[in-house]
Amino acid sequence: MTSKMLRTTVGAAVLSVALAAPAFAAGLAAHVNSGTVAEGDAFQLTLTANGQVSAAPDLAPLRKDFDILGTSQSSSTQIINGQTSQSVSWIVSLSPKSKGALEIPSIRA
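Residues numbered from 1 in each chain as written. Predicted model: local features only at pLDDT ≥ 70, side-chain atom pairs only at ≥ 80, totals over all residues. Heavy atoms only, no water.

(A) Up close: unusual backbone geometry. We note that asparagine 81 has phi near 50°; this positive angle belongs to a residue other than glycine. Summarising the element assignment, asparagine 81 is placed in the loop between strand 7 (66–80) and strand 8 (83–96). According to the relative accessible area criterion, asparagine 81 is exposed, its value standing at 78%. (Helix = DSSP H or I, 4+ residues; strand = E, 2+ residues; numbered from the N terminus. Buried < 20%, exposed > 50% of the residue type's maximum accessible area, 1.4 Å probe, protein only.)

Shown next, in the form of structure tokens:
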């Protein structure tokens, strides 16, 4: 599974995250928690996979432009009218390393 690229812009005072809707690719959804983050602050990138997932996402591509401050994981199972659905989410706290236009790269899980 791969997430599509998301764009971020780091200005002198704020980080603007340009994201109109969650990005979906092969069952992996990606979204950020805020459209604006002050310089030096962090934001959260949430990656969600539906169904069974055998491995955590590879966060190495993020290290080029972002400091990874921490990660957490949650899972959910729902049974509605006998239909079972599962999802796994990874929440990644990120801080940009520089100002300017930055792109959150494709991430594989």
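(B) Region of the structure containing the packing of aromatic side chains. Throughout the structure, instances matching the rule amount to 1 aromatic pair. Plain terms: the ring middles of phenylalanine 43 and phenylalanine 66 are 5.9 Å apart, the flat faces sit at 80° to each other, and that makes the pair edge-to-face. Taken together, the positions of phenylalanine 43 in strand 6 (residues 43–50) and phenylalanine 66 in strand 7 put the pair 23 residues apart, joining distant regions of the chain. Phenylalanine 66 matches phenylalanine 43 in its accessibility class, with the two residues each being buried. (Phe/Tyr/Trp six-rings, centres within 6.5 Å; stacked < 30°, edge-to-face > 60°.)

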